[in-house]
Amino acid sequence: MTNEKTNKSILNKKIERRTFLKWSGAIGVPAVLGGVGAKRFLEKKELDLTASTKEEGPETIVSTCSINNCGGRCVIKAHVRDGAVVRVSTDTNNEDDILTPQMRACIRGRGYKKLLYHPDRLKYPMKRVGKRGEGKFERISWEEAVETIAKEMKRIGDEHGPESRYVNYASGQSWGLFSGRNMARKLLAMTGGYLNYRNDYSSGAANVATPYTYGTNNSGSSFDTLLHTKYIILWGQNPAEMINSTPFMHYLREAKNRGAKVVVIDPRYTDTSIGFADEWIPILPTTDSAMMDAMSYVIVKENLFDKEFVKQHCQGFDHSQMPEGIPGEESLVSYLTGEKDGVEKTPQWAEKICGVPASKIIEIARAYATTKPAALIQGWGPQRHAYGEQVIRGGAQLASITGNVGKLGGWAAGTGYWSRSGISYPISFENPVKASIPCFLWTDAVERGKELTEEDGLQGVDKLNTNIKLIFNIAGNMLVNQHSDINKTTALLEDESKVEFIVVSDLFMTPSAKYADILLPGTSFFERWDIGTPWCYGDYVVAGGKVIDPLYEARNEYDVFADIADHLGLKEEFTEGKSMLDWVKVSIEQTREELDLSFPTFEKFMEDGIHHFTFEDPLIAFKDQIDGKVPFDTPSGKIELFSKALYDMNKHEEIPAIAKYIPAWEGPEDPLIEKYPLQLISWHYKRRCHSTHDNNPWLEEAAKQEMWINPKDAEKRGIKNGDRVSVFNDRGEIVIDVKITPRIIEGVVGIPQGAWFTPDDKGIDQRGSINVLTKQQPTPLAKANPQLTNLVQVKKA
Ligand SMILES: Nc1nc2c(c(=O)[nH]1)N[C@H]1C(S)=C(S)[C@@H](COP(=O)(O)OP(=O)(O)OC[C@H]3O[C@@H](n4cnc5c(=O)[nH]c(N)nc54)[C@H](O)[C@@H]3O)O[C@H]1N2
Ligand SMILES: Nc1nc2c(c(=O)[nH]1)N[C@H]1C(S)=C(S)[C@@H](COP(=O)(O)OP(=O)(O)OC[C@H]3O[C@@H](n4cnc5c(=O)[nH]c(N)nc54)[C@H](O)[C@@H]3O)O[C@H]1N2
Ligand SMILES: [Mo]
């Protein structure tokens, strides 16, 4: 641990001359990168810290925090000797405290040293010299980089208007005070504005769907409520691998120790299933809503629903509960019994669709409805699909009809957000442009922005005056790697008449960085002050102590945009006279004054490394509504199993007013399955945060990039374990090693998302980058990214 004094002493300490020479030796990358050059770049040896590791001398420990976009935040203790991080350890506090558990780093957290000192770190600003995307760059000075960006921001704003300027979704540093994304937005806002985006790639369908049922996305309860739960369904939820809150696993373990039964529903036998499940229920992707419909059918038919709860709190359950002017046959019960469409949503009906035996559906429905309280917790894999909205409203429906909403130990399902932690975010600005697009539609806004309508999800204006012409892509790989249909995206970006100017700031030459016109070397979180906030699932914040000075010529985006502002005569207005460290201190002071009197001082916070917010009672979503203190924030004030707002959209086939199974395009019922007989899904892998860490050699050793395939599907294709296979559809082709395993249901293959797109000279990806195969078709209501709905064929490479 350290305090401000030791932090400062580290900062002030000049790097010893010998170490400095070693680092500057590693700067000798070729001036022109890309193509063969990029390969040489990749083959370079890791920065040699052995000599300095052996140095005698004091070791200091600085507590810091990753603000990359896993939902966690953990304590990263950097052991520093001779100005260099020699080791990373983590939280060892509070071992026995149930309510403030340790915030331990996972394998990524422990492996960060390998990224920090990776030989491929971008070392100085560069400008593109070849065709866009070719990856040929030349070193330039910071002065030239800053001046070029300032000029292009102004030129493009003047020529095309502020709606032509766009800051792409990018989550690589979104969980601190200073995401580069926000710094770009602030300066754009101060100079005319930029086109906004709404929503995210994470829970895009859920974010829009859940409020139609509950009036809000905050349908989650604090994890300590799980200590009171008797039965847990993790529906496409894999917390053993997918970190969305650092202490989630701790509470799951405690719940299990107290006797809770855990059921996992997932096409894959996940790490969570191995570690926690009493039962794994494999299911075909895109078909969960059929199973949910059938569970509701059983619960209604067998009279297992909570009558009093439904009567008091729900709308649309049966004929007696319909809003004025809506026919009774539009109710939930009418749908389940087939009153209108003639199809009873029986377990036998569902079995044919989703592959889960009818007897199993009945068993789970009965257990969920009769074991009280029960928690149905939804992951977001099932909603990153063609009709992802349905599965989310379906989960909320099950929680409601069983009366598990607003009860201690129950869980309301849906998106699941909750939060009781908060620090003040002092950096503010207002964008004069009100137009916004759903984030998944950015490629559409490049191609045909002026044609977008309300139907496409355009809001704030009737029409845009321009397509997107300038993109800031800062700490993100969304420009190429993480968005759907890479081949389509790269073709679009290669046309320099469309997007005229692209700025990327990153640590590495990622697939997105190759498409930059100006490429900036960013700092990692070790190289700056910050405060790490968890996603919405936390009662804690983590201190981001600055551990070392920026390596090479790397710079913080805050300082870069301050310099760009300077070129535009706006520096003082942009910085308000403050450095990053000043802002961190302001945030802490404001938090102490306005939000939480017990929040520690800056010095104490940096010394402790973490602050847990503590509460007397658990947070239970919708408790006040169920206790009758306030209505639900829906038009009817009730839980809307039937939503009139959705009904009035008059697109009943794709946007039904009650949750329904709808056969997905590129799902098991799509005739395209004749040509491409395997469903392809992805998951968030333990060894990466999206694409971050793909180039971390330690983590490649721990968990390699490979595709899961069921033994039966492998046998049909003559594929052996470890073979390299080609995976393809009409959008492209990738080559990847296979793991043959019964841990994935027959008919489905799984590729961990986030591998760097690495095309060979024929454009065939050699690394297993799944977005070569995904589609740019949004979900109907939310216009979200259904990146897990894909059909492919697989053959030996
Ligand atoms: N280690 C790690 N943790 C992360 C991240 C990371 O990259 N790495 N990323 C973070 C971010 S930004 C996000 S948004 C979250 C993502 O959180 P989630 O979206 O919940 O995570 P996924 O792994 O995509 O999906 C969860 C599970 O859904 C399963 N699944 C896929 N399709 C279906 C289906 O149709 N039905 C059912 N029942 N299950 C299905 C997958 O096999 C997977 O096990 O994770 C966060 N945490
Ligand atoms: N097929 C498929 N695609 C998906 C998903 C899926 O499940 N399946 N998941 C989607 C989801 S939920 C999300 S959130 C997105 C995530 O996609 P992105 O937001 O693009 O996240 P990353 O790929 O982690 O990219 C972060 C980048 O920031 C860089 N970086 C890290 N730290 C810093 C820093 O401090 N400074 C700077 N300048 N750069 C930094 C990293 O090197 C990396 O290149 O992907 C989406 N794409
Ligand atoms: Mo995400």
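Residues numbered from 1 in each chain as written. Chains lettered and ligands numbered in written order. Predicted model: local features only at pLDDT ≥ 70, side-chain atom pairs only at ≥ 80, totals over all residues. Heavy atoms only, no water.

**Focus on the confidence of the model for the chain**
Detailed reading of the predicted coordinates is not advisable wherever pLDDT falls low.
Then, in step 1: Of all residues in the chain, 93% attain a pLDDT of 70 or more, and the chain-wide mean is 92.
Then, in step 2: Residue range residues 48-54 is modelled with pLDDT below 50. Its contacts to residues more than four positions away, or to other chains, number 13 contacts. (pLDDT = per-residue confidence, 0-100. Contact = heavy atoms within 4.5 Å.)

**So, the sheet that holds strand 17 (residues 530-532)**
Then, in step 1: Spatial strand order, 17-18-19: three strands in an open sheet with antiparallel pairing. Of all the strands in the sheet, just strand 17 and strand 19 (610-612) have a single pairing partner and so form its edges. The sheet shows a mean angle of 20° between the axes of neighbouring strands, taken without regard to direction.
Then, in step 2: Relative to strand 18 (residues 540-544), strand 17 is paired through three bridges, and the arrangement is antiparallel. Note that in strand 18 the partner of Ile531 across the bridge is Ala543. (Pairing = 2+ DSSP bridges. Helix = DSSP H or I, 4+ residues; strand = E, 2+ residues; numbered from the N terminus. Axes fitted to C-alpha atoms, helices over the stretch in contact; angles between N-to-C directions.)

**Describing the pairing of strand 2 (residues 76-81)**
Then, in step 1: Counting buried residues along strand 2, six of its six residues qualify, which places the element largely inside the surrounding structure.
Then, in step 2: Of the two faces of strand 2, the one holding Ile76, Ala78 and Val80 and the one holding Lys77, His79 and Arg81 are both buried throughout.
Then, in step 3: Here strand 1 (residues 60-64) pairs with strand 2 via five bridges, running antiparallel. By the bridge assignment, Val62 is partnered in strand 2 with Ala78.
Then, in step 4: Sheet analysis places strand 2 next to strand 3 (residues 84-90), joined by six bridges and oriented antiparallel. By the bridge assignment for strand 3, Val80 is matched with Val85.
Then, in step 5: Between strand 2 and strand 3, which pair antiparallel in sequence order, lie two residues; one of them, Asp82, sits at a positive phi of approximately 55°. (Buried < 20%, exposed > 50% of the residue type's maximum accessible area, 1.4 Å probe, protein only.)

**Focus: the side chain of Thr779**
Then, in step 1: Summarising the element assignment, Thr779 is placed in the loop between strand 25 (748-752) and strand 26 (791-796).
Then, in step 2: By relative accessible area, Thr779 is classed as buried at 0%.
Then, in step 3: The contacts of Thr779, once residues within four sequence positions are left out, are His385, Ala386, Glu389, Ala784 and Pro786.

**Here we look at the environment of Ser691**
Then, in step 1: For Ser691, the position within the fold is in the loop between strand 21 (678-683) and helix 26 (697-702).
Then, in step 2: Measuring from C-alpha to C-alpha, the distance between Ser691 and Met478 comes to 9.6 Å, with 213 residues separating the pair along the chain.
Then, in step 3: Ser691 has contacts with Asn477, Asn481, Gln482, Gly754 and Trp756, leaving out every residue within four places of it along the chain.
Then, in step 4: Polar contacts involving the side chain of Ser691 include one to the side chain of Asn477, which spans 2.9 Å. (Polar contact = N/O pair within 3.5 Å; in protein donor to acceptor, adjacent residues only side chain to side chain.)

**Brief notes about the packing of aromatic side chains**
Two aromatic rings are characterised by how far apart their centres lie and by the angle between their planes.
Then, in step 1: Inspection of the entire model under this criterion finds 33 aromatic pairs.
Then, in step 2: Centre to centre, the rings of Phe223 and Phe248 are 4.1 Å apart; their planes meet at 10°, and the pair counts as stacked. In this pair, Phe223 is assigned in the loop between helix 9 (204-214) and strand 8 (231-235) and Phe248 in helix 10 (residues 248-257), connecting sequence segments 25 residues apart. Here the two residues Phe223 and Phe248 agree in accessibility, since each one is buried.
Then, in step 3: Joined through ring pairs, the aromatic side chains of Trp175, Phe223, Phe248, Trp380, Trp411, Tyr417, Trp418, Trp535 and Tyr537 make up one cluster.
Then, in step 4: Against the face of Trp665 rests Lys775, its NZ or CZ located 4.9 Å from the ring centre. (Phe/Tyr/Trp six-rings, centres within 6.5 Å; stacked < 30°, edge-to-face > 60°. Lys NZ or Arg CZ within 6 Å of the ring centre and 35° of its normal.)

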